[in-house]
Amino acid sequence: MSDYVLKSAIRDLDESEIEIEALKDLAKKHRALLIASNTGAWEYFPKENLLDCNKVYFSMLGRNINDFECANSKNLDKVWTELIHPDDRREVISRFFDYLVNPEGMFECFFRMKHANGEWMWICSRGGALKDPKTGKVISLIGTHVDVTRQKKAEEEIQHERILLRTLIDNLPDTIYVKDKEGRKIIANKADVACIGRTSEAEVIGKTDTELFPGEIGERGYQNDMEVLSGKAMLNREEFFFDKEGKQRWLSTSKVPVHDKLGNIDRILGIGHDITERKLADEELKKLNEELNAQSQELKALNEQLIQQKEQELEKAIAQGKFEIASEVLHDIGNALVGFGSYLTRINRVSEKNSLDALRNLNVFLKGQQTTIGDAIGADKANALVAITDGILKTQNDNHKEISTSVSELLHIVSHIQEILNIQRQLVRNHGASHERKPVNLIEILDNCRSMLMAQMEKKGIKLTVAIKASTHVIKGDHTKLMQVILNVMKNSLEAIDMESDNKCIAIALDSDDKHIELKVVDNGQGFDEETRQKFFQRGFTTKRSGTGLGLYNCRSIVESHAGTFDIESEGKGMGAITTIKFDIQSA
């Protein structure tokens, strides 16, 4: 239509009516645009109480525009208000008419409308007022309806989840909080508020640790926050603080950085688990362990005393039994030696009675009558007879000397053994009494031990060498026990030597200086390794098939009871052994 025709058509109309019609025409165009955009559109005419709506307005509610009388006045209730949710209706209508009275800005409201299937849909209604340019009166309200059900449900779910999450964190016993990139609190659960000593979250929001905690504790927390904001997470760090009553408490704190969509750190998420009870329990456990350890040491010492006491009682009982047996054995040995000595004496007497004078006289006679005998039996036979008697005389003479020497030596040995037995009997008889230690000459003990073992050594072909430095070599001690030690050491060396060896040697050296007396027994026996050496002085350890494991253990105990040291060493298996016994001369 041309401008000319339009002007002709409206020439007779009032100017204001032309403007109103123009506005209405503009509204129609707007409504057409809304239809094209599939947006519900409405226009309310207050004078007629008429709500004019497009098809989309109804179709989004699952309804048909033909089911409603949109052209008749006073249809607002049927077309709009009756479809609003009862819980939303009063507030929405009130806001709508308030805007109609004072149409400033834009009308906007969210409410629920009933779908044809019975469901409720969320609608976002926006609109504005069309006013008469001259009078300023509202001609109509025009606006849109947009279905925001999906967004609203999403918002409700998010809000519900937020409520659940907040309920959860507020009811957890651990402190949970969020801080901004300045270290200020923006979320604090109830446990965190209580930990800080405040009564509400509002009292801590917007504050840093330096503002919430005094002194060093606040500075420490703030510095930790800055480290986390630099990208360094803090996990399970044990920290102490003081509650509102001034009591020290402990938290196991973890703080992690939170990144925004661009990857920048803009938050801190923190959680703290109260470990005060565990700390107190650890302290109590530590004290208890210390007390138990102290009691354990006391029990250990007491146990060692009891073991030592039992060992002493056992050793005493064994010793008592040994001495009782020894007393009987010594008695039997003494009796046997007396009988043996008497037989030796008889042999010696018989040997002396068996004089060689008769044989010697016969030899002289044969030599004097050799010529006469030669004439009778022949010279050769006479010479042979003289030679035979010479040989017999010489042999008998040598045998007599050897027998006499052997018997004399045996009698000397028997006498020496009897002397030793007398000493041992005396010691056995005095066993159990409290002895005052007396001077003991180690040379005499060494000689006695050598005499007792000499026969075995000669029988086995063992060469014994003894080197004694000129000195008294006297200490105060127990003669019997010291003799037991030295005899045991020499017997060990004797038993360690391989009988198939061509070179079998034991060397004994007794030396002294201003401070010590030292006895060394060296053999070229089977030797031992370091592992075996470490076990030698363990009670019960032995390398002998029939050993009891008490020999070296007792030897060391006896020597140490005499303020001495006892050691045995070897360069290895097959390298022999060196036993060293050292006494402090001050004990002499």
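A brief report on the enclosed structure follows. Note that the structure is predicted; figures quoted are calculated from it, not measured.

**A few points about the overall build of the chain**
Okay, step 1: Regarding its fold elements, the chain presents 17 helices and 17 strands.
Okay, step 2: Within the span of the chain, comprising 588 residues, buried residues form 32% of the whole.
Okay, step 3: In the chain, once contacts between residues fewer than 6 apart in sequence are set aside, the share between residues at least 24 apart is 55%.
Okay, step 4: With an accessible surface of roughly 37,300 Å², the chain has 52% of that area assigned to carbon and sulfur atoms.

**With respect to the packing of aromatic side chains**
Okay, step 1: Counted under the stated rule, the structure contains 12 aromatic pairs.
Okay, step 2: Centre to centre, the rings of Tyr44 and Phe97 are 6.5 Å apart; their planes meet at 90°, and the pair counts as edge-to-face. Remark: Phe97 occurs in helix H5 (residues 86–101) and Tyr44 occurs in strand S1 (residues 40–45); sequence separation between them is 53 residues.
Okay, step 3: Relative to Phe111, the ring of Trp80 has its centre 6.0 Å away and its plane inclined at 75°; by these criteria the two rings are edge-to-face. Placement of the pair is Trp80 in the loop between helix H4 (76–79) and H5 and Phe111 in strand S3 (residues 107–114), with a sequence separation of 31 residues. The same class applies to Trp80 as to Phe111, namely buried.
Okay, step 4: Above the plane of the ring of Phe110 lies Lys152, whose end atom (NZ or CZ) is 5.1 Å from the centre.
Okay, step 5: Above the ring of Phe240, the side-chain terminus of Arg220 is found at 5.2 Å from the ring centroid.

**Some details on the pairing of strand S8 (residues 234–242)**
Two faces, one strand: in a regular strand the side chains alternate between the faces of the sheet.
Okay, step 1: Direction of pairing for S8 relative to strand S9 (residues 248–259): antiparallel, over a ladder of 7 bridges. Bridging across to S9, Arg237 finds its partner in Thr253.
Okay, step 2: Where S8 hands over to S9, the hairpin turn is made up of 5 residues, of which Gly246 adopts a positive phi near 85°.

**Quick word on the environment of Lys247**
Okay, step 1: Relative to the assigned elements, Lys247 resides in the loop between S8 and S9.
Okay, step 2: When near neighbours in sequence (up to four residues on either side) are disregarded, Lys247 contacts Phe241 and Phe242.

**Here's the deal with the side chain of Asn488**
Okay, step 1: Structurally, Asn488 is set in helix H15 (residues 479–496).
Okay, step 2: Apart from the residues within four sequence positions on either side, Asn488 is in contact with Gly551, Leu552 and Cys555.

**With respect to the pattern of salt bridges**
Okay, step 1: Applying the stated criterion to the full structure yields 21 salt bridges.
Okay, step 2: Across the pair Asp567 and Arg533 runs a salt bridge, and its minimum N-O distance is 3.1 Å. On the criterion of sequence distance, the pair formed by Asp567 in strand S16 (residues 564–569) and Arg533 in helix H16 (residues 530–535) is long-range, its members being 34 residues apart.
Okay, step 3: A residue is classified by how much of its surface remains accessible, and Asp567, at 26% relative accessible area, is partly exposed.
Okay, step 4: For Arg533, a relative accessible area of 24% gives the class partly exposed.
Okay, step 5: Counted as one network, the salt bridges with shared partners bring together Lys179, Asp209, Asp225 and Lys255.

**Observations concerning the sheet that holds strand S17 (residues 577–584)**
Okay, step 1: Reading across the sheet, the 5 strands line up as S12-S14-S15-S17-S16 and stay open at both edges, with mixed pairing between neighbours. Edge positions in the open sheet fall to strand S12 (463–468) and S16, since each of these has one partner strand only. Averaged over all pairs of adjacent strands, the angle between strand axes in this sheet comes to 10°, irrespective of strand direction.
Okay, step 2: One ladder, built from 7 bridges, connects strand S14 (residues 505–512) with strand S15 (residues 516–523); its direction is antiparallel. Its bridge partner being in S15, Ile508 is matched across the sheet by Val521.
Okay, step 3: Across the sheet, helix H14 (residues 442–460) touches S12, S14, S15 and S17, and the angle it forms with S12 is around 170°.
Okay, step 4: Its contacts with the sheet place helix H17 (residues 551–561) against S16 and S17, and it is angled at close to 150° to S16.

**Quick word on the pairing of S9**
Okay, step 1: As defined by bridge partners, S9 adjoins strand S10 (residues 265–274) across 9 bridges and the pair is classed as antiparallel. Following the sheet pairing, Val258 is matched in S10 by Arg267.
Okay, step 2: Linking S9 back to S10 in an antiparallel pair, the connection comprises 5 residues, with Gly263 at a positive phi of about 90°.

So, how was this worked out
- Each chain carries its own residue numbering, running from 1 in the written order of its sequence.
- Given that the model is predicted, a residue must reach a pLDDT of at least 70 before its local features are reported, and side-chain atom pairs must reach 80 or more before they are shown or counted; all residues, however, enter totals for whole chains, interfaces and linings.
- Only hydrogens and water are set aside when side-chain values are computed; all heavy atoms of the structure are taken into account.
- We count a stretch as a helix when DSSP gives it H or I for four or more residues in a row; a strand needs E for two or more, and each element gets its number in order from the N terminus.
- Categorising residues by exposure relies on relative accessible area from a 1.4 Å probe, with only protein chains included: less than 20% of the type maximum marks a residue as buried, more than 50% marks it as exposed, and the intermediate range marks it as partly exposed.
- Contacts are assigned to residue pairs with any non-hydrogen atoms lying within 4.5 Å of each other.
- In these tables, accessible area is a Shrake-Rupley quantity obtained with a 1.4 Å probe, and a residue counts as shielded only by the protein chains included in the view.
- Between 30 and 60 degrees the pair is tilted, below 30 it is stacked and above 60 it is edge-to-face, where a pair is any two Phe, Tyr or Trp rings, Trp via its six-membered ring, whose centres lie within 6.5 Å.
- Throughout this description, the term charge over a ring refers to an Arg CZ or Lys NZ atom that lies within 6 Å of the ring centre and within 35 degrees of the ring normal.
- When DSSP locates at least two bridges between a pair of strands, those strands are taken to pair.
- By salt bridge we mean one thing: a side-chain nitrogen of Lys or Arg within 4 Å of a carboxyl oxygen of Asp or Glu.
- Lines fitted to the C-alpha atoms define the axes, with helices restricted to the stretch that makes contact. Angles between their N-to-C directions range from 0 to 180 degrees.

That is the geometry; function is a separate question.
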